[in-house]
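These are the residues of each chain, in order.
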Amino acid sequence: MSPLSDQISQLRTFFMNELRSTSSSKELEDLKVKYLGRKGLIQSLMVELKNAPVDQRPHLGKLINDLKEELISHWDHTLLRLKEEETLNAFAKERIDATLPGRRPFLGRSHPLAQMLEKIVDILIGMGFSVQLGPDVDSDYYNFEGLNFAPDHPARDMQDTFYLGGDLLLRTHTSNVQVHAMENFEPPLRIVAPGRAFRNEDISSRSHVFFHQIEGFYIDKDVSFADLFATMDEFLSKLLGEKVQTRFRPSYFPFVEPGVEVDVRCTACKGEGCRICKRTGWLEVLGAGMIHPKVLQKGKIDPEVYSGYAWGMGIERLAMLQMGVSDIRSFTQNDLRFLSQFP
Ligand code: DAH
């Protein structure tokens, strides 16, 4: 064997050893330069060829060319293998890290006002009332006239009421349900009516053009003012806690006689006087009274036989108080940062 053919087979051995210990495509690239590059070891064998005896050159030249083909083929295979390994390793790094804290899926929940309404309605159902819903769009008769509002009563003023044309308006309170119920059912009636009401007022942190109310009424034989007091006391203590203190003040509403406003001891300051209760120690929570005989009459219920009480309360102010909300507009802005605070 000529020294050159020795060198050729040695080069194969060296290359194969180096190839086996290559562990990255970067190293593999270097190996290619070293052996197969323009100034690489294969090329230097070619240079050596010039010194070989003339008659052996074709044979040795073929050996070198064959070796070159062989190295390239091994090199290509190794490149594929390494690339595959590298991709797999990259995947492995991305695999699930079981120690990471989980991501909570977003859970929908009911609106804070819906929660408040539901709580109130649940209590009243437990006290024997049943739920009736009335229309948001109603006629003047159901919203005003059937409730004994004189034709020139200031509440009918264009300032407060959204008139829709013709005889229709957006109800200004849920009391319209009283008139519908008296028209549709015979006493005894024991009904609560939650829903929306609308008034043309300036929007501010304390008032809005639409809001929620709940109306309640009881019509039967021998219903007395004492029944109203007892029912309000029980209802408010179930809603605000056993120890809540109530106060009844005379007031005027066209559809009741006598009429009262019901206050509770300020839940924020316990009656000491604070910003929320305007230093009075009391919070007005609802209007109530004995249903006016004229309202019963209009509802075709004989006031000589039947009597009844009614009350109405706003939901927003109570919810703001109980849930610590300072701006009524937050309820209608659909901001999830706000809404998701009420689990
Ligand atoms: N409808 C009245 C309002 O919107 C609230 C009210 C007061 C309802 C006295 C009643 C009641 O049933 O008896 O301000």
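Relevant structure appears above.
Residues numbered from 1 in each chain as written. Predicted model: local features only at pLDDT ≥ 70, side-chain atom pairs only at ≥ 80, totals over all residues. Heavy atoms only, no water.

### Some details on the packing of helix 3 (residues 41-49) against helix 4 (residues 57-94)
Phase 1 of the analysis: Between helix 3 and helix 4, whose axes approach to 10 Å, the crossing angle comes to 175°. In this view, helix 3 runs roughly antiparallel relative to helix 4, as classed from their interaxial angle. Here I42, L45, M46 and L49 of helix 3 come into contact with helix 4, specifically with R57, L60, G61, I64, N65, L67, K68 and L71.
Phase 2 of the analysis: In the contact of helix 3 with helix 4, the residues fall into 8 nonpolar, 2 polar and 2 charged. (Axes fitted to C-alpha atoms, helices over the stretch in contact; angles between N-to-C directions. Helix = DSSP H or I, 4+ residues; strand = E, 2+ residues; numbered from the N terminus. Parallel < 35°, antiparallel > 145°, perpendicular 65-115°, else oblique. Contact = heavy atoms within 4.5 Å. Nonpolar A, V, L, I, M, F, W, Y, C, P; charged D, E, K, R; others polar.)

### Focus: the pattern of salt bridges
A side chain with one charge may pair with a side chain of the opposite charge, provided their charged atoms come close.
Phase 1 of the analysis: Per the counting criterion, the structure on display carries 14 salt bridges.
Phase 2 of the analysis: Taking the shortest distance from any N to any O, the salt bridge between R171 and D136 comes out at 3.2 Å. On the criterion of sequence distance, the pair formed by R171 in the loop between strand 4 (168-170) and helix 7 (176-184) and D136 in the loop between strand 1 (130-131) and strand 2 (137-139) is long-range, its members being 35 residues apart.
Phase 3 of the analysis: R171 gets classed as buried once you look at its relative accessible area, which sits at 1%.
Phase 4 of the analysis: The exposure class assigned to D136 is partly exposed, which follows from its relative accessible area of 30%.
Phase 5 of the analysis: The salt bridge partner of R329 is D327, with a shortest N-O separation of 2.9 Å.
Phase 6 of the analysis: Counted as one network, the salt bridges with shared partners bring together R247, R249, E261, D263 and E284. (Salt bridge = Lys/Arg side-chain N within 4 Å of Asp/Glu carboxyl O. Buried < 20%, exposed > 50% of the residue type's maximum accessible area, 1.4 Å probe, protein only.)

### Description of the site of the ligand
Phase 1 of the analysis: Near the ligand you find 15 residues, and of these H173, S175, R199, Q213 and E215 are the closest.
Phase 2 of the analysis: At a separation of 2.9 Å, a nitrogen atom of the ligand approaches a polar side-chain atom of S175.
Phase 3 of the analysis: Contact distances for the ligand include 3.4 Å between an oxygen atom and a backbone N or O atom of W311.
Phase 4 of the analysis: Burial of the ligand by the protein amounts to 89% of the accessible area it has alone, namely 360 Å².
Phase 5 of the analysis: Given that more than half its atoms are within 2 Å of the pocket grid, the ligand belongs to the largest pocket.
Phase 6 of the analysis: Every element with two or more residues in the shell around the ligand is listed here: strand 6 (210-220), strand 9 (282-291) and strand 10 (307-314).
Phase 7 of the analysis: Here the residues of the shell around the ligand are counted per class, giving 6 nonpolar, 7 polar and 2 charged. (Near = heavy atom within 4 Å. Polar contact = N/O pair within 3.5 Å; in protein donor to acceptor, adjacent residues only side chain to side chain. Areas by Shrake-Rupley, 256 points an atom, 1.4 Å probe, with all protein chains shown as cover. 1 Å grid on protein atoms, 1.4 Å probe; cavity = no way out; pocket = protein on both sides within 12 Å on 5 of 7 lines; lining within 4 Å. Sits in = over half its atoms within 2 Å of the grid points.)

### Let's talk about the sheet that holds strand 4
Phase 1 of the analysis: If you trace the 3 strands from one edge of the open sheet to the other, you get 2-4-3, paired in antiparallel fashion. The two strands at the open ends of the sheet, each matched to only one other strand, are strand 2 and strand 3 (163-165). Taken pair by pair, the neighbouring strands of this sheet meet at an average axis angle of 40°, ignoring direction.
Phase 2 of the analysis: As paired elements, strand 2 and strand 4 share 3 bridges and run antiparallel to each other. Bridge pairing in strand 4 links D138 to L169. (Pairing = 2+ DSSP bridges.)

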